[in-house]
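# Observations on the three-dimensional arrangement
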Amino acid sequence: MDYSSGRLLVNQRERQSSRYRAWVLFAVPLAALLFQISVPRFFQFLGFLDMPLLVVVYFSLMWRSQLGGLAVGALMGLAQDSLSHDPLGMFGIDKTLVGYFAASVGVRLDVDNALLRLVLTFFFYLFHQCLYWVMAHALLGRQAAFEIQRWLLLGLLNAVVGISLFHFLDKLRESV
Amino acid sequence: MESFLNRYRNITVLLLVIFAQLILLAVQVKNDQDVRVIRIWTVTAVTPVARVLEAVRGSSVGLVRNYFMLHDADAENRRLREEVGRLKIQNIFLQNQLNTADRAKALEVFQAKTPSKMVAATVIGTGASTGAKVVLVDAGSASGVERGMAVVTPDGIVGKVIASYPTASEVLLVTDTEFAAGVISQKSGVRGTLKGQGTPTCKVDYVPLEEKIEVGEMLYTSGDDRIFPRGFPAGVVKVVHDSQPFKEILVEPSGLQHGLDDVLIVVGGVHQEIPPVPPANQPVYIAPLPPADQKTPAAESDAGAGAPNKAAAESGTEADRLRAVYKSVGDAQNHTFGEGLPGSKPPDFTKLPAGPVPPPPAGAGAHPNPAPANGAPNTPPRPATAAPAGTAAPPNPAPPGSVPKALPKPATPAPAGTAAPAKQPDAQRKANQAAGAGPGGPGR
């Protein structure tokens, strides 16, 4: 595939980008943040879910816009930072990169495929965890454990939950 | 140039955003200060919704949970379902109100008893990072809450405020790895530093090996950290190990034992004395003393016996009673137990005083006649049954050379060639009991 045909494919994908109503763009991230701060209090077993990350991955994949992806990632990350006791920017940088890369993938692949979504969510969860660990280690000097096996398992669980969530969020898309 | 910028626009924006956040991060880490504006915006945007959700959840959970209870009641009382349901829903509502009032009252009583000035708050959420030991409470700087204030419940310390916003505050729980507080043990006054581990238990650091601290001992805040006033319960010691260079002590924090719904934030701390006894959290029932004139069955059975038996009964055990009986026999025949060579004449144990005789042990392998405690020969007082010659020995054989007096007639003599019964037949035992004898044989 030469550059011109690749560019053509990208343009076709970009034209397929999903659109959402304004209230969806406001309510879904807010709901994800509320989920993150409220639900694990009563259902501790749901503490493994990183709902803001799933929302970032979904919007980035579906918008197929790198700028949109990094914007939603940065905003969600900073909001999550604000509600945790980490310094501002830890989740921000992390989710900005996730959003950017997810949007980059979305431009090139058919992200309506459920299996592909599963794989991408799993991959981005791992990427998110590893990047956070590196940043915490390098920038904050924290001696956190590198729990790759745990992350693999949690990544799989998040991916499975993500498939259902994405299916639900697909219904909130504006019909063109 | 324009096409170049157009081509690398996205990556340029990405780098700018990342760079800006790195600067933000570096400023915070270097100055050890927070960028409060962003946090205030987010918390102010999120916490009102969280509070509404919490209120809806609190009322709906109670209603739904109790609805199912009502559903069971409906099954039992179908005819009265509507009427009972309506009344029960009213009752549930009032019960919820009452529970809330009870909780508030408990906090109020604790507030009144504690000299420190405190503000009540409700937990409305947890920290956003996964696995965080941080909670959000609905009292903020508008209520006088500031960063660094202690958070407690009547059960003990809960954590400390790490950020205060107009409508809410962030509380770092005692179980967080970044939490630390000065504590002192109740009994020995050993000081240490309570630290969270990210698990339900905390550890106490910096306790020298020579200090003595016991499992079950209560720890209180020492006031050294200038966050927690002295005298608040911190936890109970669960594990103590000697380690290097300090003791390894694990503590169960007492403030988190009964869940975390309502808390008190100490806005004006006052040091208190360490209480001399740990707070009692479980009532213990102690039965009243028995009446003074009540007799035990064993004492009643000994009531008709002679003086030795009476003394033995007073001493309590079966072995003591038996010892007293044998000693009285020896005394009557001028025999001193423990003297005399083997083969010398033993006391005549056929002249036992009247009274109950202990039954032989039922175990086949066990020796049927326990020796008296003073070393007297192992001689039975009398056989329970007489076996004809040629049969196996009964469990209580007569001693060689002794002539049994007033031997009871066996109720059912064992036929020749058969083993003697190890136990008395029921009929004979009942007859003996009816005649006033003890369970081991007929009375004299």
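Residues numbered from 1 in each chain as written. Chains lettered and ligands numbered in written order. Predicted model: local features only at pLDDT ≥ 70, side-chain atom pairs only at ≥ 80, totals over all residues. Heavy atoms only, no water.

An order of 1-2-5-4-3-12 (chain B) is seen for the six strands of this closed barrel, with the pairing classed as antiparallel. Along the sheet, successive strands turn relative to each other by an average axial angle of 45°, direction set aside. The sheet contact formed by strand 1 (residues 117-126) of chain B and strand 12 (residues 262-268) of chain B spans six bridges and is antiparallel. Bridge assignment links V119(B) to a residue of strand 12 of chain B, and that residue is I265(B). Set on the sheet, helix 2 (residues 22-42) of chain A makes contact with strand 1 and strand 2 (134-137) of chain B; between it and strand 1 of chain B the angle comes to about 100°. (Pairing = 2+ DSSP bridges. Helix = DSSP H or I, 4+ residues; strand = E, 2+ residues; numbered from the N terminus. Axes fitted to C-alpha atoms, helices over the stretch in contact; angles between N-to-C directions. Contact = heavy atoms within 4.5 Å.)

So, about the environment of S59(B). Residues and elements named next belong to chain B. In this fold, S59 is placed in helix 3 (residues 36-76). By relative accessible area, which is 45% here, S59 ends up partly exposed. It is 8.6 Å that separates the C-alpha atoms of S59 and F93, two residues lying 34 residues apart in sequence. A polar side-chain atom of S59 sits 3.1 Å from the main-chain carbonyl oxygen of A55. In this structure the side chain of S59 is engaged in a polar contact, spanning 3.1 Å, whose partner is the backbone oxygen of V56. (Buried < 20%, exposed > 50% of the residue type's maximum accessible area, 1.4 Å probe, protein only. Polar contact = N/O pair within 3.5 Å; in protein donor to acceptor, adjacent residues only side chain to side chain.)

Attention shifts here to the environment of V24(A). Residue and element names in this part refer to chain A. As for its placement among the helices and strands, V24 is situated in helix 2. The sequence separation of V24 and R173 amounts to 149 residues, and the corresponding C-alpha distance is 8.7 Å. Ignoring sequence-local partners within four residues, the contact set of V24 consists of P29, F59 and L172.

Pairing between the strands of a sheet comes from backbone hydrogen bonds, and it takes one of two forms, parallel or antiparallel. Residues and elements named next belong to chain B. One closed barrel holds the six strands; their spatial order is 6-7-8-11-10-9, and the pairing between them is antiparallel. Neighbour-to-neighbour, the strand axes of this sheet turn through a mean angle of 45°, independent of strand direction. Relative to strand 10 (residues 233-242), strand 9 (residues 218-221) runs antiparallel, the two sharing three bridges. Counterpart to Y220 in the pairing with strand 10 is P233.

Looking now at the confidence of the model for chain B. Residues and elements named next belong to chain B. Considering every residue of chain B, the mean pLDDT works out to 72; 66% of them sit at 70 or more. The model gives residues 358-425 a pLDDT under 50, and that stretch makes 87 contacts with residues more than four places away or in other chains. Taken together, the stretch residues 434-444 has pLDDT below 50 and engages in 20 contacts with residues farther than four places along the chain or on a different chain. Among the prediction metrics, the complex's ipTM stands at 0.82, with pTM recorded as 0.49. (pLDDT = per-residue confidence, 0-100.)

Turning our attention to the nonpolar core. Within soluble globular proteins, side chains that are nonpolar generally end up buried alongside one another. Core analysis: the biggest nonpolar cluster contains 32 residues, and V28(A), L49(A), M51(A), V57(A), Y58(A), F59(A) and L61(A) have the highest contact counts within it. Every element with two or more residues in this core is listed here: helix 2, helix 3 (51-63), helix 4 (66-83), helix 5 (90-108), helix 6 (114-138) and helix 7 (148-170) of chain A. Not counting the four nearest positions on each side in its chain, V57(A) is found in contact with V98(A), A102(A), T121(A), F124(A) and F166(A). M118(B), I157(B), V190(B) and I213(B) belong to the second largest nonpolar core, which has 28 residues in total. (Core = buried A, V, L, I, M, F, W, Y, C linked by side-chain atoms within 4.5 Å.)

Residues and elements named next belong to chain A. Along its 23 residues, helix 7 runs 31 Å from first to last C-alpha, staying within 8% of the 33 Å computed at 1.5 Å per residue. For helix 7, the full list of buried residues reads W151, L154, G155, N158, A159, G162, L165, F166, L169 and D170. Of the surrounding secondary structure, the elements contacted by the buried residues of helix 7 are helix 2, helix 3 and helix 6. (Expected span 1.5 Å × (residues − 1).)

For the rest of this paragraph, the subject is helix 6 of chain A. Since the α-helix advances by 3.6 residues per turn, residues separated by three or four positions end up pointing in the same direction. Residue and element names in this part refer to chain A. In this model helix 6 runs 36 Å from its N-terminal to its C-terminal C-alpha over 25 residues, within 8% of the 36 Å that 1.5 Å per residue would give. Taken together, the buried positions of helix 6 are occupied by R117, L120, T121, F124, Y125, L126, H128, Q129, L131, Y132, M135 and A136. Buried-residue contacts for helix 6 involve helix 3, helix 5 and helix 7. With a side-chain oxygen positioned 2.8 Å from the backbone nitrogen of L115, the residue opening helix 6 is N113.

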